[in-house]
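So the chains spell out like this:
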Amino acid sequence: MESARRLAAAARSILLGASGCLGLAVAAGCSREGETAIPSGSATTSTLPVEYALLLPAPKVPGPIARRHPAHVIVDLEVRELVRHLANGVDYTFWTFGGGVPGLFIRVREGDLVELRLHNHPTSKLPHNIDLHAVIGPGGGAASTITAPGHTSTFSFTALHPGLYVYHCGTAPVPMHVANGMYGLILVEPKGGLPPVDHEYYVMQGEVYTAGRYGDEGLQSFDPDKAGDERPAYVIFNGSVGSLVGDNALTAKVGETVRIYFGNGGPNLTSSFHVIGEIIDRVYGDGGARVLDRNVQTVSVAPGSAAIVEFRTPEAGTFVLVDHALSRAFGKGALGMLKVAGPENTAIYSGKISDTEYGGTAAEVVAANSAPSPESAAKPAVQEAEDLPGVVPTLEVRMERGRRVYLMACFACHQPDGRGLPYVFPPLAGSDFLKADKERAIRIPLNGLTGAVVVNGRTFNNVMPPQPFTDRQIADVLTYVMNSWGNSFGTVSVDEVRRAHGTAK
Amino acid sequence: MTRHLTAALVLGACLAGPAAAGQPPAGMALVPEGDYAPLFRAKDDPATVRVPAFYIDVRQVTNADFLGFVRANPNWRRSQVSPLFAESGYLGDWSGDLELGPRAPSDSPVVLVSWFAARAYARWRGLRLPSTAEWERAASAGFTSANGAADPAYREAILAWLSVPTPPVLPAAGSGRPDVYGVRDLTDLVWEWVDDFNAMMPGGDSADNSGLDRDLVCGAGGANARDFTDYPAFMRVAFRSSLGAAYVVPNLGFRCAKSL
């Protein structure tokens, strides 16, 4: 202990700075120089140069390691139990490695001697420890780090195997410690480093088992029965619903390369990690030293495992990160965003070229699948062609046409009953936002809507793209929305939509 | 306390009835003889252990109680205690050797005391610390039933306590709802020392004396546990296993026990 402290005091060199310009890093590819020799002797007598690891909170990642020799790396990790935001209006007492969920990202190099100091804050209610999957030894370190509140445990290990590894608390009851946020990632860089990329991000999935249902407000407590049954109320990326949405989205520019260190803390569910609208160029296995597969759509990441994924971003737009077990993305929170800025390349992706009427099978399927409503018994004839000049169709006709548009596009987010999804997609039924300003309402399908809006007292921060509707379809669907589910907010005419084209967004 | 014992014996002798023998000393409650089912046990151990009836303090030892002890025993004062017997944070929330101060209200449970100090206090009062079996037996009772597991309100109280961090100033000891034996705050105010806190080692087979540690640090530990849904019991085992006898912890206090 004492000699370790002396060593620590003797050196103050800090690991490389934060990510950003990773292209500058010199990396010799991912070829291995061979297995790390098994060390012997005592860690406290190590003569390696001492460094302090720079630890960063998600989605940040400490920069690549430039040195080409092993070091004695000191990792100071503090456990804190903190009440933190889980979703809008929902708080939860998270147990954290470093103050946030997931835990701070640790980056070391193959062959390093890592001295891990686990500090358990005096205000903690419980003892905690740490099991790093990068460690070979009892409990992955957990056997040496059970730490009472107000104490520090220290142990060291040699990072023998390169790779991206999960670390987590291994104190009984383990599922509760993990579900409460005690997981993170440690990257053991291969000796040759990883190929340079433009952006590195840290995304980690986890489950929260609250006593209340998704969206129930207030401070939620842990529900052991739900944990035992593996029925989380929340499945989240980076510790809260919306942590990677809107202003918090990951960013890149057209033509850049993005690397995501994706971990799954679990404790129970396997993630089907998918980036909507991208194809993952390369997936590295846990080991990180070898490309496991190319051109991958969905990466299966077990609880307690991780994957390194890389892709170029040739096209601009918002790309949505999900667990492709989709009930977790739509309704439990497993949803994030990557915004790629730059010119659109219509050769790669044209955008909508046209949208024409189609009266065939698809329309019948939609009608057959939709819930029968009282008015559907006497369904009015729907005029499919453009209205004749000077002819205003009846409200009945416009409602039916609007309903069809709604069931083609809008229902996926705002739901067939117009109630939206709590904290993700705002409701239209009974929406004060919709009622307050008709002109604004018209501009939303026309221009899209990005950023925070307050609907019925709740904040939503999401992205709705412009809708590829004709002016008549917009008039119809707004009329439908403004006169359904108890709404009585007036009607919208085609002329009003045309006028809205000229107004500011 | 010897006086109490004598009084109880005399009283019992006078009335010559078994009920009178169960009259607890002042501030204590009787936990009747019964079974304790350890969370972990070796393969050949019995599923339950018989625990004879005992008395236990109704509430934790408070700062005021402990102040009386250090007044009478200068070697247990903050400035004089041996570092062998208590870490440097011993009574660190007090303002001074003999001053409680704003962070340690007189009626709040005393915390930041080592096992050595708790034991010395108990001995000074003519009492002892409860064993793990006794403590767990007392804590197995609920508000309305001797079987707390069948008392949802009792389990919810524990989980609610766990869901909030330790407050900077602890509330008063003895203010919680009493369980069926009349004991208060066992599971929702602070953790408590037990006499054999470090005894959670597998019995007999010393060749495998790391076995239990391993059980505690991996999910497979549930495999030989009595009841893997009893999360609070796991936490208490984990908590005790994190301690050393000289440790002082901001949310760890104690109460005393006494044999009949």
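Quick word on the overall build of chain B
And then number 1: The helix and strand inventory of chain B stands at 8 helices and 7 strands.
And then number 2: Residues counted as buried form 40% of the 260 residues belonging to chain B.

Some remarks on the overall build of chain A
And then number 1: Check the secondary structure of chain A and you find 9 helices and 24 strands.
And then number 2: Counting every position in chain A, which comprises 505 residues, the buried fraction comes to 47%.
And then number 3: Within chain A, contacts between residues separated by at least 24 positions form 73% of all contacts whose residues are at least 6 apart in sequence.

Section: helix 4 (residues 115-124) of chain B
Turn by turn, an α-helix covers 3.6 residues, leaving residues three or four places apart pointing in a common direction.
Residue and element names in this part refer to chain B.
And then number 1: Among the residues of helix 4, Trp115, Ala117, Ala118, Tyr121 and Ala122 are the ones counted as buried. In a view along the axis of helix 4, the buried residues occupy a sector of 165 degrees, so they form one face of it.
And then number 2: The secondary structure elements touched by the buried residues of helix 4 are helix 3 (63-72).
And then number 3: Downstream of helix 4 by one or two residues, Gly126 has phi in the positive range, about 75 degrees.

Considerations on the sheet that holds strand 11 (residues 199-208) of chain A
Residue and element names in this part refer to chain A.
And then number 1: Read from one edge to the other, the open sheet built from 6 strands follows the order 13-11-15-20-17-18, with strand pairing classed as mixed. Each having just a single partner strand, strand 13 (234-237) and strand 18 (291-296) make up the two edges of the open sheet. For this sheet, the mean inter-axis angle between neighbouring strands, taken without regard to orientation, is 20 degrees.
And then number 2: Inspection of the sheet shows strand 15 (residues 257-266) paired to strand 20 (residues 305-312) by 8 bridges, in the antiparallel sense. Paired with Tyr261 across the bridge in strand 20 is Ile308.

Let's talk about the packing of helix 5 (residues 395-414) of chain A against helix 8 (residues 471-481) of chain A
If you want to describe how two helices pack, look at the angle between their axes and the distance between the axes.
Residues and elements named next belong to chain A.
And then number 1: Close contact between helix 5 and helix 8 brings their axes to 7 Å; oriented N to C, the two are set at 95 degrees. By the angle between their axes, helix 5 is roughly perpendicular relative to helix 8. Taken together, the residues of helix 8 that come into contact with helix 5 (itself represented by Arg398, Met399, Arg401, Gly402, Arg403, Val405, Tyr406 and Cys410) are Gln473, Asp476, Val477, Thr479, Tyr480 and Val481.
And then number 2: Residue classes in the contact of helix 5 with helix 8 are distributed as 7 nonpolar, 3 polar and 4 charged.

Details of the interface of chain A and chain B
For an interface, size is often stated in terms of accessible area lost upon the parts coming together.
And then number 1: With 31 residues of chain A at the interface, the matching set in chain B holds 30 residues.
And then number 2: Looking at the side of chain A that touches chain B, the elements that each hand over two or more residues are strand 3 (72-87), helix 2 (174-179) and helix 3 (224-229) of chain A.
And then number 3: Here the side of chain A that touches chain B is composed, by residue class, of 17 nonpolar, 11 polar and 3 charged.

With respect to the nonpolar core
And then number 1: Core analysis: the biggest nonpolar cluster contains 159 residues, and Tyr165, Leu185, Val203, Tyr261 and Leu338 of chain A together with Val113 of chain B have the highest contact counts within it.
And then number 2: Counting only domains with at least three residues in this core, you end up with domain 1 (2-24 + 49-196) and domain 2 (200-341) of chain A.
And then number 3: Non-local contacts of Tyr165 of chain A, meaning those with residues more than four positions away in its chain, are made with Leu132, His133, Ala134, Leu185, Ile186, Val188 and Ala306 of chain A.
And then number 4: Counting 19 residues, the second-largest nonpolar core is a separate cluster that includes Met399, Cys410, Leu434 and Leu478 of chain A.

As for the pairing of strand 3 of chain A
Residue and element names in this part refer to chain A.
And then number 1: Alignment of strand 2 (residues 50-52) against strand 3, held across 3 bridges, turns out to be parallel. Note that in strand 3 the partner of Glu51 across the bridge is Val73.
And then number 2: Both strand 3 and strand 6 (residues 113-120) contribute to a ladder of 8 bridges, which runs parallel. Directly across from His72, in strand 6, lies its bridge partner Leu113.
And then number 3: Across 8 bridges, strand 3 lies against strand 4 (residues 90-97) in antiparallel orientation. Bridge pairing in strand 4 places Leu82 opposite Phe94.

Notes on the sheet that holds strand 19 (residues 298-301) of chain A
Sheet strands associate in pairs through backbone hydrogen bonding, adopting either a parallel or an antiparallel arrangement.
All names here are of chain A.
And then number 1: Strand order across the open sheet formed by 5 strands is 14-22-21-16-19, with mixed pairing between neighbours. The outermost strands of the open sheet, each flanked by one partner alone, are strand 14 (250-253) and strand 19. With strand direction ignored, the average angle separating the axes of adjacent strands in the sheet is 20 degrees.
And then number 2: Two strands pair when backbone bridges link them, and strand 21 (residues 317-323) and strand 22 (residues 335-341) are joined in this way by 6 bridges, in the antiparallel orientation. Bridge pairing links Phe319 to Leu338 in strand 22.

Here's the deal with the confidence of the model for chain B
Residues and elements named next belong to chain B.
And then number 1: Confidence in the prediction for chain B averages 83 pLDDT; 81% of positions are at 70 or higher.
And then number 2: Within the model, pLDDT remains below 50 along residues 1-20, and this stretch shows 14 contacts once partners closer than five positions in the same chain are excluded.
And then number 3: Confidence drops under pLDDT 50 across residues 201-221; counting only partners more than four residues distant or on other chains, this segment forms 35 contacts.
And then number 4: Taken over the whole predicted complex, pTM reads 0.72, whereas the ipTM for its chain interfaces reads 0.79.

A look at the domain arrangement of chain A
All names here are of chain A.
And then number 1: Examined at the domain level, chain A breaks down into domain 1 (2-24 + 49-196), domain 2 (200-341) and domain 3 (361-501).
And then number 2: Those elements that provide at least two residues to the side of domain 1 that touches domain 2 are strand 3, strand 4, strand 9 (163-168), helix 2 and strand 10 (183-189).
And then number 3: Its residues placed into classes, the side of domain 1 that touches domain 2 shows 25 nonpolar, 11 polar and 2 charged.

What to know about unusual backbone geometry
And then number 1: Look at the link from Val101 of chain A to Pro102 of chain A: it is a cis peptide, with omega at -5 degrees.
And then number 2: In this structure, Pro102 of chain A sits in the loop between strand 4 and strand 5 (106-109).
And then number 3: That bond from Gly266 of chain A to Pro267 of chain A is cis: its omega, 20 degrees, falls within 30 degrees of zero.
And then number 4: For Pro267 of chain A, the position within the fold is in the loop between strand 15 and strand 16 (271-276).
And then number 5: You will see that Asn238 of chain A, though not glycine, has its phi angle at about 50 degrees, which is positive.
And then number 6: In this fold, Asn238 of chain A is placed in the loop between strand 13 and strand 14.
And then number 7: Phi angles above zero are rare outside glycine, and Asp185 of chain B is one such case at about 60 degrees.
And then number 8: Within the secondary structure layout, Asp185 of chain B lies in the loop between helix 6 (152-162) and strand 5 (191-192).

Brief notes about the packing of helix 7 (residues 438-447) of chain A against helix 9 (residues 494-501) of chain A
All names here are of chain A.
And then number 1: Between helix 7 and helix 9, the least distance of the axes is 10 Å, while the angle of their chain directions is 75 degrees. In terms of their interaxial angle, helix 7 and helix 9 are classed as roughly perpendicular. Note on element contacts: helix 9 touches helix 7 through Glu496, Val497, Ala500 and His501, opposite Glu439, Ile442, Arg443 and Leu446.
And then number 2: Of the residues contributing to the contact of helix 7 with helix 9, the split by class is 4 nonpolar, 1 polar and 3 charged.

Some remarks on the environment of Val110 of chain B
Residue and element names in this part refer to chain B.
And then number 1: With respect to the helices, strands and loops of the structure, Val110 is situated in the loop between helix 3 and helix 4.
And then number 2: Val110 sits 75 residues away from Asp35 along the chain, and the two C-alpha atoms are 30 Å apart.
And then number 3: Filtering out sequence-adjacent residues up to four positions away, Val110 remains in contact with Val61, Thr62, Asn63, Asp65, Phe66 and Gly253.

A closer look at the environment of Arg80 of chain A
And then number 1: Counting through the fold element by element, Arg80 of chain A comes out in strand 3.
And then number 2: Contact partners of Arg80 of chain A, with chain neighbours within four places excluded, come to Thr96, Gly99 and His121 of chain A.

What about the confidence of the model for chain A?
Residue and element names in this part refer to chain A.
And then number 1: Summing up the model confidence of chain A, the mean pLDDT is 85 and the portion of residues at 70 or higher is 84%.
And then number 2: Note on residues 1-33: pLDDT under 50 across the span, and 72 contacts to partners over four residues away in sequence or across chains.
And then number 3: In the model, residues 371-385 has pLDDT below 50 throughout and makes 13 contacts with residues more than four positions away in sequence or in other chains.

As for the environment of Ala159 of chain A
All names here are of chain A.
And then number 1: Structurally, Ala159 can be placed in the loop between strand 8 (151-158) and strand 9.
And then number 2: Each C-alpha atom of the pair Ala159 and Glu110 lies 5.4 Å from the other, and the pair is 49 residues apart in sequence.
And then number 3: When residues no more than four places from it in sequence are discounted, the contact partners of Ala159 are Val108, Glu110, Gly111, Asp112, Val114, Ala134 and Val188.

Each value, and the rule that gives it
- Residues numbered from 1 in each chain as written.
- Chains lettered and ligands numbered in written order.
- Predicted model: local features only at pLDDT ≥ 70, side-chain atom pairs only at ≥ 80, totals over all residues.
- Helix = DSSP H or I, 4+ residues; strand = E, 2+ residues; numbered from the N terminus.
- Buried ≥ 20, exposed ≤ 12 C-beta atoms within 10 Å, placed from the backbone.
- Contact = placed C-beta atoms within 7 Å.
- Arc of directions from axis to C-beta.
- Pairing = 2+ DSSP bridges.
- Axes fitted to C-alpha atoms, helices over the stretch in contact; angles between N-to-C directions.
- Parallel < 35°, antiparallel > 145°, perpendicular 65-115°, else oblique.
- Nonpolar A, V, L, I, M, F, W, Y, C, P; charged D, E, K, R; others polar.
- Core = buried A, V, L, I, M, F, W, Y, C linked by C-beta atoms within 7 Å.
- Domains from an automatic or database assignment.
- pLDDT = per-residue confidence, 0-100.

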